[in-house]
Amino acid sequence: MATPEFIRAIRAHAGHQLLYLPGVTAVVFDDAGRLLLGRRADTGRWELPAGIAEPGEQPADVAVREVREETGVECVAERVVLVQAEPPLTYPNGDVCQFMDTTFRCRATGGEARVNDDESLEVAWYALDALPPLRDHALLRIKQAHSEGPAWFATMSER
């Protein structure tokens, strides 16, 4: 799914100014311990399934929806593993967003991994010791989801 309609409506009035938005990321493991990734159509990078919460939508439901929409995989959200304000991001059209990301560890329950929308070029399961190149923010989320520790969060003093 492209830009949600509610954001387009806001942009019609707000222009390109910074929007602070609720983002959700899903770290999905299958029964074999493999990780679900999609290669994004816009950047060509391998990434974790992620998206924007619609008004009134619960973050865990967003994780499940985004995984299904992007990959065709059904899953359940098991626990929050990370909460983090991302740095502001400027898109090629000049729009500026900053996401408050909530990351969930999820367990695959069905479906078949496939390109399921126009946001992805490829979708695949990866063993943790054979991951494609990933950005640091994805690696942190995977590390936290793979551990059994408490949810990770940053504070201003850590910046």
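Colleague: Describe the layout of surface pockets, with residues and values.
Modeller: Empty space among the atoms becomes apparent when a probe as large as a water molecule is rolled across them. Empty space within the largest pocket amounts to approximately 1,400 Å³. Looking at the largest pocket, it is lined by 47 residues, and the ones nearest its centre are Arg40, Asp42, Leu89, Tyr91 and Phe99.

Colleague: Describe the pairing of strand β1 (residues 19–29), and please don't skip the residues or the numbers.
Modeller: Consecutive side chains along a regular strand alternate between the two faces of the sheet. Within β1, 9 of the 11 residues are buried, which leaves it mostly tucked inside the rest of the structure. Taken together, the 11 bridges between β1 and strand β7 (residues 96–111) define a ladder with parallel strand orientation. If you follow glycine 23 over to β7, its bridge partner there is aspartate 101. The pairing of β1 with strand β4 (residues 50–52) spans 3 bridges and is classified as antiparallel. Note on β4: the bridge partner recorded for threonine 25 is alanine 50.

Colleague: Please provide a residue-by-residue account of the side chain of aspartate 95, values included.
Modeller: Position of aspartate 95 relative to the elements: it lies in the loop between β6 (89–90) and β7. On the accessibility criterion, aspartate 95 (15% relative accessible area) is buried. In terms of polar contacts, aspartate 95 uses its side chain to reach the side chain of arginine 11, at 3.5 Å. Those residues within four positions of aspartate 95 in sequence are excluded, and the remaining contacts are Arg11, Gly15, His16, Leu89 and Thr90.

Colleague: Describe in detail the state of the cysteines, supporting the description with residues and values.
Modeller: Counted according to the given criterion, the structure contains 0 disulfides. Of all cysteine sulfurs in the structure, the one in cysteine 75 sits closest to cysteine 106, which takes part in no disulfide; the separation is 4.2 Å. The buried category is assigned to cysteine 106, whose relative accessible area is 1%.

Colleague: Can you explain the pattern of salt bridges? Please cite residues and give values.
Modeller: One pass over the structure, following the stated rule, counts 15 salt bridges. Its salt-bridge partner being glutamate 86, residue arginine 141 comes within 2.4 Å of it at the nearest N-O pair. Pair noted here: arginine 141 is in helix α3 (residues 136–146) and glutamate 86 is in the loop between β5 (73–85) and β6, with a separation of 55 residues, a long-range link. In terms of burial, arginine 141 and glutamate 86 fall into one category: buried.

Colleague: For the nonpolar core, give the residues involved together with the corresponding values.
Modeller: Formed by 15 residues in total, the largest nonpolar core has its most connected members in Ala26, Val28, Leu36, Ala63, Val67, Cys75 and Cys106. Among the elements of the structure, β1, α2 (59–71), β5 and β7 are those that each provide at least two residues to this core. Among the elements that line this core, the one with the most residues is α2, at 4 residues. Those residues in contact with valine 28 that lie beyond four places of it in its chain are Arg34, Leu35, Leu36, Val67, Cys75, Cys106, Arg107, Ala108 and Trp125.

Colleague: Talk me through a nonpolar patch on the surface; I want residue IDs and the actual numbers.
Modeller: A cluster of nonpolar side chains, namely Val80, Val83 and Phe153, defines an oily patch on the protein surface of about 240 Å² accessible area. Tracing the chain through its elements places valine 80 in strand β5.

Cut-offs used in this document
Residues numbered from 1 in each chain as written. Predicted model: local features only at pLDDT ≥ 70, side-chain atom pairs only at ≥ 80, totals over all residues. Heavy atoms only, no water. 1 Å grid on protein atoms, 1.4 Å probe; cavity = no way out; pocket = protein on both sides within 12 Å on 5 of 7 lines; lining within 4 Å. Points joined across faces, edges and corners; volume = space filled by probe spheres on them. Buried < 20%, exposed > 50% of the residue type's maximum accessible area, 1.4 Å probe, protein only. Helix = DSSP H or I, 4+ residues; strand = E, 2+ residues; numbered from the N terminus. Pairing = 2+ DSSP bridges. Polar contact = N/O pair within 3.5 Å; in protein donor to acceptor, adjacent residues only side chain to side chain. Contact = heavy atoms within 4.5 Å. Disulfide = S-S within 2.5 Å. Salt bridge = Lys/Arg side-chain N within 4 Å of Asp/Glu carboxyl O. Core = buried A, V, L, I, M, F, W, Y, C linked by side-chain atoms within 4.5 Å. Patch = residues over 30% accessible without salt bridge, like charges linked within 9 Å, V, L, I, M, F, W, Y side chains within 5 Å. Areas by Shrake-Rupley, 256 points an atom, 1.4 Å probe, with all protein chains shown as cover.

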